[in-house]
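Topology and contacts: notes
One-letter residues, chain by chain:
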Amino acid sequence: MTGFYGEHSKVWVSVDCIIFGFDEGKLRILVGKRQMDPGRGEWSLYGGFVRGDESIDDAANRVLYDLTGLRNLYMRQVGAFGSVDRDPGERVISIAYYALISVNEYDDQLRKQHGVEWVNIDEIPRLYSDHNEMVLKARKLMRQKLSTEPVGFRLLPSLFTLTQLQHLYEAVYGEELDKRNFRKRIKEMNFIEKTELIDKKGSKRGAALYRFNKRIYNEEPSFKL
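Read on for a plain summary of the structure. (Residues numbered from 1 in each chain as written. Predicted model: local features only at pLDDT ≥ 70, side-chain atom pairs only at ≥ 80, totals over all residues. Heavy atoms only, no water.)

Time to look at the pairing of strand β6 (residues 92-100). The buried fraction of β6 amounts to eight of the nine residues, a majority that puts the element mostly inside the structure. With seven bridges joining them, strand β5 (residues 74-81) and β6 adopt antiparallel strand pairing. Of the residues in β6, the one forming a bridge with Phe81 is Ser94. (Buried < 20%, exposed > 50% of the residue type's maximum accessible area, 1.4 Å probe, protein only. Helix = DSSP H or I, 4+ residues; strand = E, 2+ residues; numbered from the N terminus. Pairing = 2+ DSSP bridges.)

Now the structure itself:
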């Protein structure tokens, strides 16, 4: 370490992760009880401090892997949160990220090990510090991204029904979509492929299963829903 900047006060830098999942027709996020002071026992997002040998993106990826055991997740930066009094412990600036994961791929034992829970996006409790503000901004950014890129497929299993897909968009946007118009738009997208498989969980007749074809999308990336 050098002796530079010694006349300036130190500021801590952390990352906080808003992890979205989709299950039973509901958009959910992972939250848990804070296990450190200040704020011990309060509901909180999962995060950590940035280490001296890593970038903020590396720190966010480390935190996400530690919590989920999953790599190569879809992750985007939400922004910096730096109100002077946001953390009663020290002067802490937090960089928030949001990530999308498929609930089915997340080991439930790992979730229990970390003491986090899936909470419906519209039933989030009061969170520590400015974490509720982070969630609101993350959802807004995800809505914008979902309208121009097919990122929603990262929240779904590899095979899904059109009803599941519509419920996903309704959960993210927070409003009901017209079924006929939605399916008409989906049929215009060559990268959403109908398979020969049938999902019979919902009815005896069953519903066709679809999948996202990344190769076709990369060849024809036009997307707007």
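Before going further, it helps to spend a moment on the side chain of Asp87. Considering the arrangement of structural elements, one finds Asp87 in the loop between β5 and β6. No salt bridge is formed by the buried Asp87, whose closest oppositely charged neighbour, Arg34, lies at an N-O distance of 4.3 Å. A distance of 3.4 Å separates polar atoms of two side chains, one belonging to Asp87 and the other to Tyr128. Not counting residues up to four positions away in its chain, the partners in contact with Asp87 are Arg34, Pro38, Val92, Tyr128 and Ser129. (Lys, Arg positive; Asp, Glu negative; His and termini not counted. Salt bridge = Lys/Arg side-chain N within 4 Å of Asp/Glu carboxyl O. Polar contact = N/O pair within 3.5 Å; in protein donor to acceptor, adjacent residues only side chain to side chain. Contact = heavy atoms within 4.5 Å.)

Next up on the list: the nonpolar core. In summary, soluble globular proteins display a tendency toward joint burial of nonpolar side chains. Among the nonpolar cores identified, the biggest contains 42 residues, and Ile18, Phe20, Tyr98, Leu165 and Ile192 are the most heavily contacted of them. Counting residues per element, this core draws most heavily on helix α4 (residues 162-173), which supplies six residues. Not counting chain neighbours up to four residues away, the residues in contact with Ile192 comprise Phe153, Phe160, Leu165, Ile186, Tyr210 and Arg211. Counting 22 residues, the second-largest nonpolar core is a separate cluster that includes Ile19, Tyr46, Ala60 and Leu67. (Core = buried A, V, L, I, M, F, W, Y, C linked by side-chain atoms within 4.5 Å.)

Bringing the packing of aromatic side chains into the picture now. Counting across every chain of the model gives 12 aromatic pairs. Ring centres of Phe4 and Tyr5 lie 6.4 Å apart, and the angle between their planes is 55°; on these two criteria the pair is classed as tilted. As far as the burial class goes, Phe4 and Tyr5 line up, both exposed. Pairing Tyr169 with Tyr173 gives two aromatic rings, centres 6.1 Å apart and planes at 35°, and the pair type is tilted. Of this pair, Tyr169 and Tyr173 are both found in helix α4, four residues apart, which corresponds to roughly one turn of the helix. The exposure class of Tyr169 is buried, given its relative accessible area of 1%. A connected cluster of aromatic rings, assembled from ring pairs, spans Phe153, Phe160, Phe191, Phe212 and Tyr217. If you follow Lys33 out to its NZ or CZ, it ends over the ring of Trp43, 4.7 Å from the centre. Above the plane of the ring of Tyr128 lies Arg34, whose end atom (NZ or CZ) is 4.0 Å from the centre. (Phe/Tyr/Trp six-rings, centres within 6.5 Å; stacked < 30°, edge-to-face > 60°. Lys NZ or Arg CZ within 6 Å of the ring centre and 35° of its normal.)

The next subject is unusual backbone geometry. Of the consecutive residues Asp37 and Pro38, the connecting peptide bond is found in the cis state with omega at -5°. Relative to the helices and strands, Pro38 is located in the loop between β2 (26-33) and β3 (43-44). Despite not being glycine, Tyr5 shows a phi value in the positive range, around 65°. Note on placement: Tyr5 falls in the segment before β1 (12-23). Notably, Asn72 is not glycine yet its phi reads approximately 55°, a positive angle. Relative to the elements of secondary structure, Asn72 occurs in the loop between α1 (56-68) and β5.

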